[in-house]
Each structure stands twice: as structure tokens, then as C-alpha cells.
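Coordinate analysis (summary)
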Amino acid sequence: MTTPYYFTWSAQNSAVDFPVSHAAGDQFILPDDRRVFDMISTSFQANFGHSHQTIRERIQRQLEYLPITSPKSAFDLKARVSRGLLDLIGLGDGKIFYTVSGAEAVENALKIARQQTGRRIVMARQKSYHGASLGALSVTGDWRNDPHLTYDEGTLRIPEPGDDPECEQTRKLVIEAGPDNIAAVIVETISGTNGMAIPPQSWFDAMFDLCREFGIYYIADEVLVGFGRCQDHFAFQSFQLKPDMITLSKGITGGYIPFGAVWTSAQIASEYDDDVLACGLTNYGHPLGLAALEGVLDTMVDPGFMRHKATLEKMFAERVWNLRNYDFVSEVRCRGLMAAVDFNGRDAVSWQHGFDAGMHLFGKGGMNIFAPPLNSDESHLSEALDRYENILKG
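In short, a report on the structure. (Residues numbered from 1 in each chain as written. Predicted model: local features only at pLDDT ≥ 70, side-chain atom pairs only at ≥ 80, totals over all residues. Heavy atoms only, no water.)

A separate point is helix α10 (residues 287–300). Its 14 residues give α10 an end-to-end C-alpha distance of 20 Å, which sits within 8% of 20 Å, the value for a rise of 1.5 Å per residue. With 13 of 14 residues buried, α10 lies mostly within the body of the structure. (Helix = DSSP H or I, 4+ residues; strand = E, 2+ residues; numbered from the N terminus. Expected span 1.5 Å × (residues − 1). Buried < 20%, exposed > 50% of the residue type's maximum accessible area, 1.4 Å probe, protein only.)

What follows deals with the sheet that holds strand β11 (residues 329–335). Backbone-to-backbone hydrogen bonds pair the strands of a sheet. The strands run either parallel or antiparallel. Read from one edge to the other, the open sheet built from 4 strands follows the order β11-β12-β15-β14, with strand pairing classed as antiparallel. The outermost strands of the open sheet, each flanked by one partner alone, are β11 and β14 (362–364). Shown here is a sheet whose adjacent strand axes are inclined to one another by a mean of 15°, direction ignored. Examined bridge by bridge, β14 and strand β15 (residues 367–370) share 3 bridges and lie antiparallel to one another. Pairing of Gly363 across the sheet is with Asn368, part of β15. Packed on one face of the sheet, helix α11 (residues 303–321) meets β11, β12 (338–343) and β15 and runs near 170° to β11. (Pairing = 2+ DSSP bridges. Axes fitted to C-alpha atoms, helices over the stretch in contact; angles between N-to-C directions. Contact = heavy atoms within 4.5 Å.)

The next point concerns the pattern of salt bridges. As enumerated under the stated definition, the model contains 16 salt bridges in all. Measuring nitrogen to oxygen at the nearest pair gives 3.0 Å for the salt bridge that ties Arg34 to Asp32. Taking the relative accessible area as the measure of exposure, Asp32 reaches 48% and is therefore partly exposed. Across the pair Glu160 and Arg125 runs a salt bridge whose closest N-O atoms are separated by 3.2 Å. In this pair, Glu160 is assigned in the loop between β6 (155–158) and α6 (168–177) and Arg125 in strand β5 (residues 121–125), connecting sequence segments 35 residues apart. The pair Glu160 / Arg125 is uniform in exposure class, with both members buried. (Salt bridge = Lys/Arg side-chain N within 4 Å of Asp/Glu carboxyl O.)

Turning next to the packing of aromatic side chains. Summed over the entire model, instances satisfying the criterion amount to 19 aromatic pairs. When the ring of Tyr326 is compared with that of Phe328, the centres are 5.5 Å apart and the planes differ by 35°; the resulting orientation is tilted. Neither residue differs from the other here; Tyr326 and Phe328 are each classed as buried. Each residue in the set Phe18, Phe28, Trp351 and Phe355 is aromatic and connected to the rest through ring pairs, giving one cluster. Here the guanidinium or amino end of Arg144 rests over the ring plane of Trp9, the centre of that ring lying 5.7 Å away. (Phe/Tyr/Trp six-rings, centres within 6.5 Å; stacked < 30°, edge-to-face > 60°. Lys NZ or Arg CZ within 6 Å of the ring centre and 35° of its normal.)

Here the structure, examined in full by the defined rule, presents 1 cavity of 30 Å³ or more. Counted as a void, the largest cavity has a volume near 30 Å³. Forming the boundary of the largest cavity are Ile68, Thr69, Thr282, Asn283, Tyr284, Gly285, His286 and Pro287. (1 Å grid on protein atoms, 1.4 Å probe; cavity = no way out; pocket = protein on both sides within 12 Å on 5 of 7 lines; lining within 4 Å. Points joined across faces, edges and corners; volume = space filled by probe spheres on them.)

Looking at the secondary structure, you find Phe214 in helix α7 (residues 201–214). The class of Phe214 is buried, set by a relative accessible area of 17%. Along the primary structure Phe214 and Gly354 are separated by 140 residues, whereas in three dimensions their C-alpha atoms are 48 Å apart. The contact partners of Phe214, leaving out residues within four places of it in the chain, are Arg119, Arg171, Val174, Ile175 and Pro179.

Turning our attention to the nonpolar core. One finds Met207, Tyr218, Phe227 and Tyr388 to be the most contacted residues of the largest nonpolar core, which totals 104 residues. Apart from the residues lying within four places of it in its own chain, the contact partners of Tyr218 are Val185, Val187, Trp203, Phe204, Met207, Phe208, Cys211, Leu241, Pro243, Asp244 and Met245. (Core = buried A, V, L, I, M, F, W, Y, C linked by side-chain atoms within 4.5 Å.)

Contact pair helix α3 (residues 76–89) / α10: the axes reach a minimum separation of 10 Å and the direction vectors enclose 40°. Comparing their axes, α10 and α3 come out oblique. Helix-helix and strand crossings are classified by hand; for α3 and α10 the assignment is left-handed. Between α3 and α10, the residues in contact are Leu77, Lys78, Arg80, Val81, Gly84, Leu85 and Leu88 and Pro287, Leu290, Ala291, Leu293, Glu294, Leu297 and Met300, respectively. Within the contact of α3 with α10, the residues separate by chemical class into 10 nonpolar, 1 polar and 3 charged. (Parallel < 35°, antiparallel > 145°, perpendicular 65-115°, else oblique. Left-handed = near helix turned anticlockwise from the far one by under 90°. Nonpolar A, V, L, I, M, F, W, Y, C, P; charged D, E, K, R; others polar.)

Roughly 1,600 Å³ of volume is contained in the largest pocket. Considering the residues around the largest pocket, the lining is formed by 46 residues, among which Thr8, Trp9, Thr42, Ser43 and Arg144 are closest to the centre. Breaking the lining of the largest pocket down by element, the ones donating at least two residues are α1 (41–44), α4 (102–117) and β14. Residue composition of the lining of the largest pocket, by class: 23 nonpolar, 17 polar and 6 charged. Of all the secondary-structure elements, those providing two or more residues to the lining of the second largest pocket are α3, β4 (94–99) and α9 (266–271). If one sorts the elements of the lining of the second largest pocket by residue count, β4 sits on top with 5 residues. Counted by class, the lining of the second largest pocket contains 17 nonpolar, 5 polar and 5 charged residues.

Laid out in C-alpha cells, this is it:
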């Protein structure tokens, strides 16, 4: 029977779905009591699993105290959590603009860049994903851009870092387009489902030099890789970057409440002391999202969590790097608790094949991506990787 709802990113008659009864820890529990290990943190947002006590308690407590309020309201939780997020980001002063999704975070970062510079063009990589709303899709460089009448005249496609490690080609494109027409560049610090590409430090250095030379804002898209996913609290910290704006979502609440944010530098924030910030949302700074974020912030500085995460990262890295021993594995990329495995001459393990073996994983052509919860049970993750290798051994 046809469902009364849509399946995302799918032809409805061939959509992949799976029945779920409930979820616990790092696993989905199916109606027949089968357990499926969540190898991609649901949709890369369940950084803290499916039943994290601290995050749940913060949300439940907020429900009793202040479950809804005006987007313009000021309350202690809002100030306290914002200061905590600024501390975790570690770039000194600045301000947070709250959203309810990663796409909205990107939309508002683009609006701020264009409003402040008076320029229309935003540079974006050829292989990228920045969200499903129209503006975010306009800077997206994959198949999800194709079906929509996006604002592509406001986007300048630049080469992938591996093809232009010193930004020499990018510099030529900037000169051709006219630097005075370019408001910003938006970059996933480490890309997600487009291959987990990790740019070399030389690329970041050259791109920052280019931005500073021509007054172009640098927007770091950390929607997928933020909040502990790639070893550090945020991926940009691994490369000693100082972006002008940072877009955040997914792990910001561990997926427990739809939420997102844009961090802006103190310089950008000061521009709105007297000028109007022409951005707003009905559910801006929603108290339930802030409560969940407070639970995330408390967790991320908890010594026990950090020790467990470090142990998990070490085991995970050893296991995925060993996958290079298979003749048909051409490359492995790993950072923290995220890894990509490329295959040569054969397809990757499909979602269905993995699911039948008790794993929820991401397969795309000749590539698998793993991103398990940061608080996974070590024995569960090890068993899931055993199951994955059993499939490879065929």
C-alpha cells in the first residue's frame, strides 16, 4: 500500500525504508527484535546515540520549565548555552545566530555574506553538499542541485582541493569573475557523502590568503563534521583555521531536536550594532534545542566521554586502515570516527546488504562511509566491523 508520506531523495515506488520499533544506545531495534548497528549515526547526526541520558534529561526538564517562547526573548539558558558554544568553538568573541536545520544555517550565512559585502557571487567546490533549501542547493555541487531552478548565476564553481592544492586555478577564476563580485567561499572542511575529501593544509592556507587579499568571507560548513565527529571538537580546529562564519547542525543536538546555528566573527557581529540584521526565524533559539545543545556541550567536556571517544577512535582507525589489505580496496580515509572506503573494480557494500547483516551503513557506487555514534559500545562497533569484513570476504 502506498504510504501517506514521502520518502526523501527517492523515487517513491523504489524507496528504501526499514521498519523500526524503537532505538537504544547505538542500535535500531526492529519489530522482530533484530538489532541493527547504526554505522552512520542515522543520517550523520546521532553523534551521541539514540538514548543519551544527559541530552534527554535536559529536554525533559526544559519541557516543564519553558517549552516555547518568542524568538526575541532573553533567558538564562539562551545566554549560558551561547557562551558555552563560543567557548567550544574557541575563536574568541563572536555571536551565534540560531536556526532549526543545517540548510537554514547555510542560507543565513550566505545572506549575511551578501548583505555585508554587497556582492552576489559565492564560491563553492565542484563536489559539495550544503543543504536542501534553494539557496543551499545553489552552492551544492552534486546531483541534488540538478532538478531545481537554483540560483546558479550567484555561484562560482571552484576545483576540488586535490586538483588545485595551491589554489592557482581558483585564483584565475576569481580574477576572471572579478574579486569585487565575490562575497564568500563556502567549504565543507571535510566533505561528507561526496567522498570524505580531506583537503591538504596547503589548500586551506592558499584559500585563506586569497580570501584575505580580496576581502572574501570564508564560511566553514561544519554541519556534518562538527561536534566531535572528526577527532577535534570541530574539523576546522585540526587545520588551525580562523573562518569568518561557521555553519552548524546535526551533532549540535545529536539529532534529538531539529536545530542549527551560524557562528559569526566579532567583526561581522559588530556590523549589526547599528545596521539591521535582516534574518529571522519563528523558532529562533528554541528553548528545547538550546536544552539539547546544553546536554551536548556538557557531554563533550566530560572526561569520561572524552576518554571513551579516544579509545573508540584508536580501535576504529586500526580496523578501517586494515581494510587496505584487501586487493579490491583502493583507498581508505579516516579522521576521528568517520571513514571512507573506496573500491576498485567492484561496488561497495550496499545499504540493503549491510542491513541484512545487521548494519545501517552508507554505500554509494564504489564507496562506503562509516560514522558511528561517538559513544558507541566498543564491542558493538567491533562486531559491526567484523560483519562488514565478512561481507567483503564473501
